[in-house]
Amino acid sequence: MSAPDISVVICVYTEDRWEDILAAVSSVRAQSRPARETLLVVDHNQTLLERLSGEYMEVEEVRVLANAGPRGLSAGRNTGIAASHGEVIAFLDDDAVAERDWLRHFAEGYADPRVMAVGGRTMPIWASGRRPAWFPEEFDWVVGCTYKGLPPGRARVRNVLGGNASFRRTAFAAAGGFVTGIGRDGDKRPLGCEETELCIRLSRARPDAILLMDDRAVIHHRVPAPREHFAYFRTRTYAEGLSKALVARSVGSDKGLESERRYTTRVLPAGVARGLRDALLARPGGAGRAGAIVAGVLTAAGGYVLGSVRAHRGGATFSVVRIPDGEGDIA
């Protein structure tokens, strides 16, 4: 079976990340296995749209287009999917760069026709140059990176992580696109989990579907200075609880919290034990890491409870977008 063509979608929203956006595109153009195309989807920012259009006017393999849906990451991704031509659509964060063999490892995962999604490993680039001593690896998802507790190598998973992921086009035909009503819209709390909800919906639509994580498909994700502080850690874990409540409301708590139960009962207690051991051995940050894990769990749980109550009372609204059957339907 020949390797599939891959389109890469990068959703962008602010000129503040101009240099990061250019670096992300450059990393895609330098792949050992070339992408069929790179699509930059601009989220309701006319100035950025015009600037990027000018930047890549003469670069045939890079296309710049406006988000055709409501403000937010989900609608931007859906716009990219509908406008793309590849058999596989990969997603890269606008403040990340991919290693040279990123797409090659993604393509290898699709040798099995049952594979509907392949995700990769996301490594943090800390603004300060090093991980804060108190920041536990088990919570690297707070800064959009692969966290301690995920399986190594190439392994089956419930869901891939959205900033470094790929899907077969037929996955969207089976399950629809990313749901609006979950995830970030650029102005609100740092919500997430839209890729989790999609993956669960995909597995229900296609019970034979295989979703993989391949830790050889590596990207490096920039972590700005404000996100190295505990205030952001607390805000993001709370927002994750709110997001998980919406996912559970959308697809049910059995699948919506399946991986989280294993994470909180196995991975996190081991992390607390390591932190306390390091504290006893006078290693830097041990007590802080143990405390951060406990605080993160409690804050996320609080967000989940409040989010569940709000979703139940207000009747959370979700919209699953049907991706057009044809390829490249959005100009």
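Scope of this entry: the structure provided in the associated data block. Predicted model, so just to flag it, every value in this text is computed and none were measured. (Residues numbered from 1 in each chain as written. Predicted model: local features only at pLDDT ≥ 70, side-chain atom pairs only at ≥ 80, totals over all residues. Heavy atoms only, no water.)

## Quick word on the pairing of strand β2 (residues 37-42)
Within β2, six of the six residues are buried, leaving the element largely enclosed by the surrounding structure. Residues Glu37, Leu39 and Val41 point to one face of β2 and Thr38, Leu40 and Val42 to the other, with burial holding for every one of them. Across six bridges, the pairing between strand β1 (residues 6-12) and β2 is parallel. Counted as the bridge partner of Val9 is Leu39 from β2. Crossover handedness for the path β1 to helix α1 (residues 18-29) to β2: right-handed. Across five bridges, the pairing between β2 and strand β3 (residues 62-66) is parallel. When the bridges of β3 are listed, Leu39 appears paired with Arg63. Regarding topology, helix α2 (residues 46-55) serves as the crossover connection from β2 to the parallel β3, and that connection is right-handed. (Buried < 20%, exposed > 50% of the residue type's maximum accessible area, 1.4 Å probe, protein only. Helix = DSSP H or I, 4+ residues; strand = E, 2+ residues; numbered from the N terminus. Pairing = 2+ DSSP bridges. Right-handed = clockwise from strand over helix to strand, strands pointing away.)

## Structural notes on the packing of aromatic side chains
Scanning the entire structure with this criterion turns up 16 aromatic pairs. Taking the centre distance of 6.1 Å and the plane angle of 90° together, the rings of Phe167 and Phe178 count as edge-to-face. Here Phe167 is found in strand β8 (residues 164-168), whereas its partner Phe178 is found in the loop between α5 (169-175) and β9 (179-180), with 11 residues between them in sequence. The residues Phe167 and Phe178 share a single accessibility class, namely buried. Connected via pairs of aromatic rings, a cluster forms that spans Trp126, Trp134, Phe135, Phe139, Trp141, Tyr147, Phe230, Phe233 and Tyr263. It is Arg51 that lies over the ring of Trp18; its NZ or CZ is 3.8 Å from the centre. (Phe/Tyr/Trp six-rings, centres within 6.5 Å; stacked < 30°, edge-to-face > 60°. Lys NZ or Arg CZ within 6 Å of the ring centre and 35° of its normal.)

## A few points about the side chain of Arg17
Note on placement: Arg17 falls in the loop between β1 and α1. Within the structure, the side chain of Arg17 is placed 2.6 Å from the side chain of Asp94, a separation counted as a polar contact. For Arg17, the contacting residues outside a window of four places in its chain are Asp94, Asp95 and Arg227. (Polar contact = N/O pair within 3.5 Å; in protein donor to acceptor, adjacent residues only side chain to side chain. Contact = heavy atoms within 4.5 Å.)

## Brief notes about the pattern of salt bridges
Taken as a whole, this structure holds 25 salt bridges when the rule is applied. One salt-bridge network, held together by shared partners, links Asp101, Arg104, Glu108, Arg154, Asp214 and Arg216. (Salt bridge = Lys/Arg side-chain N within 4 Å of Asp/Glu carboxyl O.)

## Looking at helix α3 (residues 73-83)
An α-helical turn contains 3.6 residues, so any two residues separated by three or four positions project in the same direction. By the criterion of burial, α3 is predominantly enclosed, with 10 of the 11 residues buried. The complete set of buried residues in α3 reads Ser74, Ala75, Gly76, Arg77, Asn78, Thr79, Gly80, Ile81, Ala82 and Ala83.

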